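# Report on the structure
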Amino acid sequence: MKLSRPLSWFLLAFGVWSWVIWITFVKNLWNDGSGLAFDDAGDPTAYFWVHLTLAVVSFVLGTAIGGIGLRGLRALRPTS
């Protein structure tokens, strides 16, 4: 199955967007000063672990979806 060029670009852009957004989120989570991510002793809370898990899953899915888009674009290249 071949993907269209616009769909391939969309999937690749989605993968890149996912990495940009979630890296920013993890940085903000790590530097959280509100007391949600870390308790008074500096230990991670359940909030931290749940959101870190969401970020890791999103990294994996974003990478897979971006990889599909990249493969779709490579398949559309003219062969010489």
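This structure is a prediction, so every number in the text was calculated from the model and none was measured. Each chain carries its own residue numbering, running from 1 in the direction its sequence is written. In keeping with the predicted nature of the model, local features appear solely for residues at pLDDT of at least 70, side-chain atom pairs appear and are counted solely at 80 or more, and the whole-chain, interface and lining totals rest on all residues. In computing side-chain values, all of the structure's heavy atoms are included and hydrogens and water are not.

### Here's the deal with helix α2 (residues 46–76)
Here is the rule: Under the DSSP-based scheme used, a helix requires at least four consecutive residues in state H or I and a strand at least two consecutive residues in state E, with every element numbered from the N terminus. Take the residue count of a helix, subtract one, and multiply by 1.5 Å to get its expected span. Contact definition: two residues touch when any of their heavy atoms are within 4.5 Å.
The first and last C-alpha atoms of α2 sit 45 Å apart over 31 residues, in line with the 45 Å expected at 1.5 Å per residue. Looking at the buried residues of α2, the elements they touch are α1 (5–30).

### What about a nonpolar patch on the surface?
Just so we agree on the cut-off: Nonpolar side chains (Val, Leu, Ile, Met, Phe, Trp, Tyr) are joined into patches within 5 Å and like charges within 9 Å, using only residues with over 30% relative accessible area and no salt bridge. Computed with a 1.4 Å probe, the accessible areas rest on the Shrake-Rupley method; for each residue, only the protein chains presented here act as cover. A carboxyl oxygen of Asp or Glu within 4 Å of a side-chain nitrogen of Lys or Arg is what we treat as a salt bridge. Exposure classes here rest on a 1.4 Å probe applied to the protein chains alone. A residue is buried below 20% of its type maximum, exposed above 50%, and partly exposed in between.
A surface patch of nonpolar side chains, about 390 Å² in accessible area, is lined by Val 16, Trp 17, Val 20 and Ile 21. Mapped onto the secondary structure, Val 16 falls in helix α1. Among the residues examined, Val 16 registers a relative accessible area of 48% and is labelled partly exposed.

### Regarding the environment of Leu 73
Note that Leu 73 resides in helix α2. For Leu 73 and Tyr 47, which are 26 residues apart along the polypeptide, the C-alpha to C-alpha distance reads 38 Å. Those residues in contact with Leu 73 that lie beyond four places of it in its chain are Arg 5, Ser 8, Trp 9 and Leu 12.

### Structural notes on the packing of aromatic side chains
What counts is decided by this rule: Here a Phe, Tyr or Trp ring, Trp counted by its six-membered ring, pairs with any other such ring whose centre lies within 6.5 Å, and the pair is stacked when the planes are under 30 degrees apart, edge-to-face when over 60, and tilted otherwise.
For the structure on display, the rule yields six aromatic pairs. With centroids separated by 6.0 Å and ring planes inclined at 85°, the aromatic side chains of Trp 30 and Phe 38 adopt a geometry described as edge-to-face. Within the aromatic cluster, the residues linked to one another by ring pairs are Trp 30, Phe 38, Phe 48 and Trp 49.

### A word on the side chain of Ser 8
With respect to the helices and strands, the residue Ser 8 is situated in helix α1. For Ser 8, the residues in contact, after removing those within four places along its chain, are Leu 3, Gly 69, Gly 72, Leu 73 and Leu 76.

### Observations concerning the environment of Tyr 47
As for its position among the elements, Tyr 47 is in helix α2. Judged by relative accessible area, Tyr 47 falls into the partly exposed class, the value being 32%. Measuring from C-alpha to C-alpha, the distance between Tyr 47 and Ala 37 comes to 5.6 Å, with 10 residues separating the pair along the chain. Among residues more than four places away in sequence, those in contact with Tyr 47 are Leu 29, Leu 36 and Ala 37.

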